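Chains, contacts and geometry: an overview
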Amino acid sequence: MQIKESSKIYDAVIVGSGAGGGMATKILSEAGLNIAVVEAGPHFDPSNPDQQTQMKWPWESPRRGANTQRTFGDFDALYGGWDIPGEPYTRKDGTKFDWFRARMLGGRTNHWGRISLRFSERDFKHKDVDGLGDNWPIGYEDVKPYYDKVDKLIGLFGSKENLPNEPDGFFLPPPKPRLHELFYIKGARKSNIPVIPSRMSMLTKKINPERGVCFYCGQCNRSCSAYADFSAGSCLIFPAQKNGGQIDLYNNAMVREVLTNSEGKATGISYIDKADRKEYTLRAKVVVLAASACSSARILLNSKSPQHPNGLGNSGNTVGKYLHDSTGSGRSAFVPDLVNRKMYNEDGVGGMHVYTPWWLDNKKLDFPRGYHIEVWGGMGMPNYGFGFNANEYNKFFGLKVGGYGNSLRSDVKKYYGSVVGFGGRGESIAMEDNYCEIDPSVVDQFGIPVLRFHYNWSDFERKQAKHMHETFDELIHNMGGEALSAAPGADREYGLEAPGRIIHEVGTTRMGNDPKTSVVNQFQQLHDANNVFIVDAGPFVSQADKNPTWTILALSWRTCDYIVEQLKMQNI
Amino acid sequence: MDRRESIKSLFIGAAAGGLALASCQPEISAEAQEAMATGATNYGRTPEEDAQIAALHAQQFFTPHELESLAILTALILPENEDFPSAASVGVPDFIEFMAKDYPAFQTPIRGGLMWLDHISNRRFGLEFKKLEPAQQHEILEEIAYPDLAVSEGARPLEVRFFSLMRNLTLTGYYTTETGIKDLGYQGNMPNVWDGVPQEVLDQHGMAYEEAWLAKCIDQKTRGNIASWDEQGNLLT
């Protein structure tokens, strides 16, 4: 036997170290369990000076921050992206899906937008409203206690608004709006579009002695060296280690499959160590998958055994199906009232200080689900791309565009901070025919069969995107702005981003009471093997018009409480 | 001037641009200068990323003549003024050299564009572009510096596209230097406490904060107090 087996038996092995895996690491280790955390990328700590990109200047990068090396530019914290050398994936029938993967401790939480929204009761039971998709087997009251605990443990700012579909939580106070956000508020109100303070997981106030308070550099995508934003390493895994948790971290370890015994129960996992390219196994009483929705589905589908010939958890042929991402489309506008601005530091938090939650009744519209609007703009730090088409907005004043010489210096200053942009992020309907599966013909560099995607948007999403652009046009008009591009038409699916581009992919191991149509039960426990759990976004039945992270965290915590209880009762 | 000297002189120009402003932010300038002097980076690269950057630095794409032409052209696009140096003297040609290696799709349009400039200069004035009198250089630039916006970018004449690319790279290269950021007046990338838009700016733009909205926002005097809430989620501290 050439596969190297560890003799140690862990109480739990956790695959992945992002939001779901980080939370599982904290909760299970603090319950006294002996844990292995297996992460496909290197260790990362934003306070490590060798890894820190926060507070760097553009000239420190020879490419001035361009995105030729890292997906979101040189200063973004993320290792990984939609294309990773040696880790291909394929697409079926000419359909599109772009699969984003992080490869680092903490995963995507190191660079995400920190938009931290709770799902509402309607979000969990939306089939009751419009007959589409499926209801979750749980509702808001099941998750609320965990949302509350996540709020207090991790911290987020926001405001109590008493909106039925945007449940309030335990908020830190939000920062004041920036100038362009005041323009947005004013413009939106003319059309009765509500705007409220955004809800994001940065600390505007101290929540414990260990973590810093936001110092408003606007660089949360670089991951905060003071731990004033939520990243799974900074806020969950490192504190769990400091609390004396028994945690073995396996970095650069690419998990291949879950191993099972003759009774069909999991005995551990196998992984490939990227350093020596050998296969190893780890043994554990419980396996917790948190590798991201599609990666966890891939691991399950590759875990074939006599007891699970169709892949682990796949007796109902549901693994990989119902894959769905948020819809996304955006526009931007030049706002003449924002030219010739006085200079001051308006970096603020990383991202928007205000946003628009979904505000309309879909019964009166030709598409079933809503979207929220994110806002951007301001006098940000110059980076690669700053100064491109420097005086293009001269065209709105009937002035010549182009040229050379020192007049460009005044053009650059004139237009600095005069653009406002909008991003619509909406709910799509989970459909059985949007899925990932194993492509038996293609291998990755670790010898593991890869995923193949099949995904089409439907008219539900296309009509929603069309509505987004009608809204953007109205907002731009109300702000006295000039759209920088025309609303995309039907030929471009109304500007809908390709599925996968919004990086909210969920649903591949969905939750339900019926093993024939779902993969896990309400505690995210496999119907087919009771010591395997999934705590990433795979179990989402529907994604709401919300960003998934806060719900991943709450559900992971809920599942971990259940695991500890079941272990105590010797049920698993 | 041989190639090595040419690169060296451009390089010294870049370092001097940084030095002139060193007094504003000494610790950052020191870092940046070290990076410029050694080619080593200090901005959170992984070992693999650093190796890739070092490999790009070890190559040379543009010839000495092309670099000299780039220095002339970038200084025409953004010349010095009373307060600030030209783009060429804060290392923009070096930045373009790096980008041509980092993003190879730039190589042919820039190399060919420079050749086009020399061709038209030779035809018209019997000299390469870099050796023309400024008035002659301006005469050529006047013809290529103003794109016709009614024509889509990809359909414009090659020389217009070349000049637009050079203007973009020159401005982005300049405004991402310490000098450029000072020229622009960007005030951020500094630890601070955001407490809203300054009143005179609100006044200038005819904006005001609403009391009801401000009442929700952080009172920055309390930012250091550890948060606690009552059971309804009302903040107590």
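Residues numbered from 1 in each chain as written. Chains lettered and ligands numbered in written order. Predicted model: local features only at pLDDT ≥ 70, side-chain atom pairs only at ≥ 80, totals over all residues. Heavy atoms only, no water.

**A short note on the overall build of chain B**
Under the convention used in this document: The way it works is that DSSP assigns letters per residue, a run of H or I at least four long becomes a helix, a run of E at least two long becomes a strand, and they are numbered from the N terminus.
Each helix and strand in chain B was counted, giving 11 helices and 0 strands. When the helices and strands of chain B are read in sequence order from the N terminus, they spell out α-α-α-α-α-α-α-α-α-α-α.

**Thoughts on the environment of Gly32(A)**
Quick reminder of the rule: Here, residues are in contact when the closest pair of their heavy atoms is within 4.5 Å.
Tracing the sequence through the fold places Gly32(A) in the loop between helix 1 (19-30) and strand 2 (34-38). Excluding its chain neighbours within four sequence positions, the residues that come into contact with Gly32(A) are Asp11(A) and Gln246(A).

**Some thoughts on the interface of chain B and chain A**
By a frequent convention, interface size equals the accessible area lost on bringing the separate parts together. Inclusion rule: The term buried area denotes the loss of accessible surface (1.4 Å probe radius) that occurs when two parts are joined, taken as the sum for both partners. The rule for a salt bridge is simple: a side-chain nitrogen of Lys or Arg has to be within 4 Å of a carboxyl oxygen of Asp or Glu.
Chain B puts 95 residues into the contact, and the matching count from chain A is 94 residues. Regarding the contact of chain B and chain A, the summed buried area is about 8100 Å², with carbon and sulfur atoms giving 61% of it. For the chain B face of the interface with chain A, the top three residues by lost area are Tyr43(B), Trp194(B) and Trp213(B), together amounting to 10%. Linking chain B with chain A are 8 salt bridges.

**As for a negative patch on the surface**
Residue and element names in this part refer to chain A. Rules: Patch definition: residues above 30% relative accessible area lacking any salt bridge, with like charges linked at up to 9 Å and the nonpolar side chains Val, Leu, Ile, Met, Phe, Trp and Tyr linked at up to 5 Å. The accessible surface values rely on the Shrake-Rupley method and a 1.4 Å probe; as for residues, cover is taken only from the protein chains in view. When charges are counted, neither His nor the chain ends are considered; positive counts come from Lys and Arg and negative counts from Asp and Glu. For the purpose of locating charges, the reference atoms are NZ of Lys, CZ of Arg, CG of Asp and CD of Glu. Only protein chains enter the area calculation, which uses a 1.4 Å probe; residues under 20% of their type maximum are buried, those over 50% are exposed, and those in between are partly exposed.
A contiguous patch of negative charge, built from Glu121, Asp128, Glu141 and Asp142, is present on the exposed surface. Mapped onto the secondary structure, Glu141 falls in helix 4 (residues 140-154). Judged by relative accessible area, which is 60%, Glu141 ranks as exposed.

**Notes on the packing of aromatic side chains**
Residues and elements named next belong to chain A. The test is simple: Here a Phe, Tyr or Trp ring, Trp counted by its six-membered ring, pairs with any other such ring whose centre lies within 6.5 Å, and the pair is stacked when the planes are under 30 degrees apart, edge-to-face when over 60, and tilted otherwise.
Summed over the entire model, instances satisfying the criterion amount to 47 aromatic pairs over all chains. Taking the centre distance of 6.2 Å and the plane angle of 25° together, the rings of Tyr393 and Phe396 count as stacked. Taking relative accessible area as the criterion, Phe396 reaches 25% and is therefore assigned partly exposed. Residues Tyr393 and Tyr415 carry aromatic rings whose centres are separated by 5.4 Å and whose planes lie at 90° to one another, so their mutual orientation is edge-to-face. Residue Tyr393 is found in the loop between strand 13 (371-377) and helix 8 (407-415), and its partner Tyr415 is found in helix 8; the two are separated by 22 residues along the sequence. Given the relative accessible area of 15%, Tyr393 is considered buried. Take Tyr415: its relative accessible area is 6%, and that puts it in the buried class. Aromatic ring contacts, followed pair by pair, group Tyr89, Phe97, Trp99, Phe453, Tyr455 and Trp457 into a single cluster.

**Here we look at the confidence of the model for chain A**
Cut-off, in case you're wondering: Predictor confidence is given residue by residue as pLDDT, running from a minimum of 0 to a maximum of 100.
Here chain A averages 97 in pLDDT, while 100% of its residues score no lower than 70. Highest mean pLDDT in chain A belongs to strand 18 (residues 532-534) of chain A (99); lowest belongs to strand 1 (residues 4-15) of chain A (92).

**Focus on the sheet that holds strand 15 (residues 435-443) of chain A**
Residue and element names in this part refer to chain A. Inclusion rule: At least two bridges found by DSSP between two strands is the condition for calling them paired. Only the stretch in contact is used when fitting a helix axis, every axis being a line fitted to C-alpha atoms; angles between N-to-C directions are given from 0 to 180 degrees.
Taken together, the 3 strands give an open sheet; going across it, the order is 4-16-15, and neighbouring strands pair in mixed fashion. Since the sheet does not close on itself, it has two edges, and those belong to strand 4 (90-91) and strand 15, each with one partner. When strand 15 meets strand 16 (residues 449-454), the two strands line up antiparallel, connected through 6 bridges. Within strand 16, the residue paired with Tyr435 across the bridge is His454. Where helix 7 (residues 293-301) meets the sheet, its contacts fall on strand 15 and strand 16, and the angle it forms with strand 15 comes to roughly 60°.

**So, the nonpolar core**
Put simply, the rule is: In plain words, nonpolar cores are sets of buried Ala, Val, Leu, Ile, Met, Phe, Trp, Tyr and Cys residues tied together by side-chain atoms within 4.5 Å. Here the limits of each domain have been adopted from an automatic or database domain assignment.
The biggest cluster of nonpolar side chains holds 108 residues, and the ones touching the most others in it are Tyr184(A), Phe422(A), Phe62(B), Leu73(B), Ile96(B), Ile110(B) and Val197(B). In terms of residue count, helix 8 (residues 158-175) of chain B provides more of this core than any other element does, 8 residues in total. Here this core spans two domains, since at least three of its residues come from each of domain 1 (1-46 + 193-237) and domain 2 (59-184) of chain B. Those residues in contact with Phe422(A) that sit more than four places away from it in its chain are Tyr184(A), Ser329(A), Gly330(A), Arg331(A), Ile373(A), Glu374(A), Trp376(A), Phe472(A), Leu475(A), Ile476(A) and Met479(A). In this structure, Tyr79(A), Tyr280(A), Leu451(A) and Val532(A) belong to the second largest nonpolar core, which totals 101 residues.

**Let's talk about the packing of helix 4 (residues 64-77) of chain B against helix 8 of chain B**
Residue and element names in this part refer to chain B. Condition: Orientation labels follow simple angle bins: below 35 degrees gives roughly parallel, above 145 gives roughly antiparallel, 65 to 115 gives roughly perpendicular, and whatever is left gives oblique. Ten residue types, Ala, Val, Leu, Ile, Met, Phe, Trp, Tyr, Cys and Pro, are classed as nonpolar, four, Asp, Glu, Lys and Arg, as charged, and the remainder, Gly among them, as polar.
The interhelical angle for the contact between helix 4 and helix 8, taken along N-to-C directions, is 80°, at an axis separation of 10 Å. Here helix 8 runs roughly perpendicular to helix 4, going by the angle between their axes. Where helix 4 approaches helix 8, its residues Leu70, Leu73, Thr74 and Ile77 are matched on the opposing element by Phe162, Phe163, Met166, Arg167 and Thr170. Class assignment for the residues of the contact of helix 4 with helix 8 results in 6 nonpolar, 2 polar and 1 charged.

**Quick look at the sheet that holds strand 14 (residues 419-426) of chain A**
All names here are of chain A. Read across the open sheet, the 6 strands follow the order 6-12-13-14-11-17; overall the sheet is antiparallel. The open sheet has two edge strands, strand 6 (196-197) and strand 17 (482-483), and neither has a second partner. Examined bridge by bridge, strand 11 (residues 327-334) and strand 14 share 8 bridges and lie antiparallel to one another. What sits directly across from Gly330, in strand 14, is Gly423. The sheet strands contacting helix 5 (residues 179-190) are strand 12 (354-356), strand 13 and strand 14, and the helix crosses strand 13 at an angle near 140°. Helix 9 (residues 459-478) rests against strand 11, strand 13, strand 14 and strand 17 of the sheet, and its axis sits at about 20° to strand 11.

**Structural notes on the pairing of strand 1 of chain A**
Residue and element names in this part refer to chain A. For strand 1 and strand 10 (residues 278-289), the ladder comprises 8 bridges, and the chain directions are parallel. Note that in strand 10 the partner of Val15 across the bridge is Leu289. Strand direction decides the pairing type here: strand 1 and strand 2, joined by 4 bridges, are parallel. Considered in strand 2, the bridge of Val13 is made with Ala36.

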